[in-house]
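Each chain is listed here by its residues.
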Amino acid sequence: MREVTTAQSPARTRGSRRTEILDAAAELFAARGFHGVSIEEIGGAVGTSGPALYRHFSGKDALLAEMLLDVSERLHTSGARRVTEAADAEQALDALLSCQIEFALSHPALITVHDRELGNVPEPARRRIRRLQRLYVEEWVTVLSELYPARSQAGLRAATHAVFGLLNSTPHSAGELPPAAMAELLRGMARAALAASQG
């Protein structure tokens, strides 16, 4: 699989310390849940006090919101750019698969946090996250519409969400195979699932 570099969001470019806090919090939230982790424990994970984190985030809710906004922005921005750069729909689908697989293999903790904790994000930020996710899905649907013109938009959207479920299974499957082999397995299964959905 070719290397995929996702776009850098504002959260990723404001300093490595902020990124370090977000990454440590993701691991803790994935392991013990949002309500099972204190701000002091997040501080301890990055070698500082809990109150010192308030220089970066107004609270644990704000930290969770920025974490999930960051990943949603990166996926949408990267997906849109790759579709624009692709020579045709087949190449665009390959690029979208590469982007999603790289994310799924590199960030299983974020997948777990999103699945379990989105409801704990304050409403304005949650709406922004959902909007970014819908835009990302529509990048896939646009590409799939060119490859499978006989399918309805609703069918292609459902197939896209199903493929996300398959690719985002890495919190359970990561580590079973070397990363390159796992990436190829996921790619092949996703391609087969999309083809089967057109039957």
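As the structure is a prediction and not an experimental result, all values here were calculated from the model.

Novice: Mind showing me how you'd approach the packing of aromatic side chains here?
Specialist: Each pair of aromatic rings is reported with the distance of its centres and the angle of its planes. Tallied over the full model, the rule gives four aromatic pairs. Both rings, one in Tyr 136 and one in Phe 164, keep their centres 5.6 Å apart while their planes meet at 10°; by these two values the pair is stacked. Taken together, the residues span a long stretch of sequence, with Tyr 136 in helix α7 (residues 123-147) and Phe 164 in helix α8 (residues 153-167) at a distance of 28 residues. According to the relative accessible area criterion, Tyr 136 is buried, its value standing at 5%. Plain terms: the ring middles of Trp 140 and Phe 164 are 5.2 Å apart, the flat faces sit at 90° to each other, and that makes the pair edge-to-face. With Trp 140 in helix α7 and Phe 164 in helix α8, this pair connects stretches of sequence that are 24 residues apart.

Novice: For this particular structure, what's the right way to read the packing of helix α4 (residues 60-85) against helix α5 (residues 89-106)?
Specialist: The description of two helices packed together rests on the angle between their axes and the distance between the axes. The interhelical angle for the contact between α4 and α5, taken along N-to-C directions, is 155°, at an axis separation of 8 Å. With respect to α5, the element α4 is oriented roughly antiparallel. The interaxial crossing formed by α4 with α5 has right-handed handedness. On α5, the residues that touch Val 71, Leu 75, Ser 78, Gly 79, Arg 82, Val 83 and Glu 85 of α4 are Gln 91, Ala 92, Ala 95, Leu 96, Cys 99, Gln 100 and Phe 103. For the contact of α4 with α5, a count of residues per class yields eight nonpolar, four polar and two charged.

Novice: When you look at the side chain of Ser 72 in this model, what are you seeing that I'm missing?
Specialist: Tracing the chain through its elements places Ser 72 in helix α4. The exposure class assigned to Ser 72 is buried, which follows from its relative accessible area of 6%. Once residues within four sequence positions are removed from consideration, Ser 72 is found in contact with Ile 129, Leu 132 and Gln 133.

Novice: Is there a simple way to think about the environment of Ile 111 in this case?
Specialist: Looking at the element boundaries, Ile 111 is found in helix α6 (residues 108-117). Since its relative accessible area comes to 5%, Ile 111 is described here as buried. Residues Ile 111 and Ala 162, spaced 51 residues apart in sequence, show a C-alpha to C-alpha distance of 15 Å. Ignoring sequence-local partners within four residues, the contact set of Ile 111 consists of Phe 103, Ala 104, Asn 168, Thr 170 and Pro 171.

Novice: Sorry, what's going on with the confidence of the model for the protein chain here?
Specialist: Any region with low pLDDT has predicted coordinates that should not be read closely. Overall, the predicted model of the protein chain reaches an average pLDDT of 90, with 92% of residues at or above 70. Throughout residues 1-11 the model reports pLDDT below 50, and contacts reaching past four residues in sequence, or to other chains, amount to 34 contacts.

Novice: So what exactly am I meant to see when it comes to α8 here?
Specialist: An ideal rise of 1.5 Å per residue puts 21 Å on 15 residues; α8 measures up with 21 Å between its terminal C-alpha atoms. The set of residues buried in α8 consists of Gly 155, Leu 156, Ala 159, Thr 160, Val 163, Phe 164 and Leu 167. Check the buried side of α8 and you find it contacts α5, α7, α9 (170-173) and α10 (179-196).

Thresholds applied
For every chain, the first residue of the written sequence is number 1, and numbering continues from 1 onward in sequence order. For a predicted model such as this one, the threshold for reporting local features is a pLDDT of at least 70, and the threshold for listing and counting side-chain atom pairs is 80 or more; totals across whole chains, interfaces and linings nevertheless cover every residue. Think of the side-chain values as coming from all heavy atoms in the structure, minus any hydrogens and water. The rule is short: rings of Phe, Tyr and Trp, with Trp giving its six-membered ring, pair when the centres are within 6.5 Å, and they are stacked under 30 degrees, edge-to-face over 60, tilted in between. A helix here means a DSSP run of H or I that spans at least four residues, while a strand means a run of E at least two residues long, and both kinds are numbered starting from the N terminus. Throughout, exposure labels follow a simple rule: accessible area from a 1.4 Å probe, protein chains only, divided by the maximum for the residue type, with under 20% read as buried, over 50% as exposed, and the rest as partly exposed. Each axis is a line fitted through C-alpha atoms, taken for helices only over the stretch in contact, and angles between the N-to-C directions span 0 to 180 degrees. We call two directions roughly parallel when the angle between them is under 35 degrees, roughly antiparallel when it is over 145, roughly perpendicular when it lies between 65 and 115, and oblique otherwise. Throughout, a crossing is termed right-handed when the near helix is turned clockwise from the far one, and left-handed when it is turned anticlockwise from it by less than a right angle. Two residues qualify as a contact provided that any one of their heavy atoms is within 4.5 Å of a heavy atom in the partner residue. All amino acids are sorted into three groups, where Ala, Val, Leu, Ile, Met, Phe, Trp, Tyr, Cys and Pro are nonpolar, Asp, Glu, Lys and Arg are charged, and the leftover types, Gly among them, are polar. The predictor attaches a confidence to each residue, and that confidence, scored 0 to 100, is pLDDT. Here the expected span of a helix is defined as 1.5 Å times the quantity of residues minus one.

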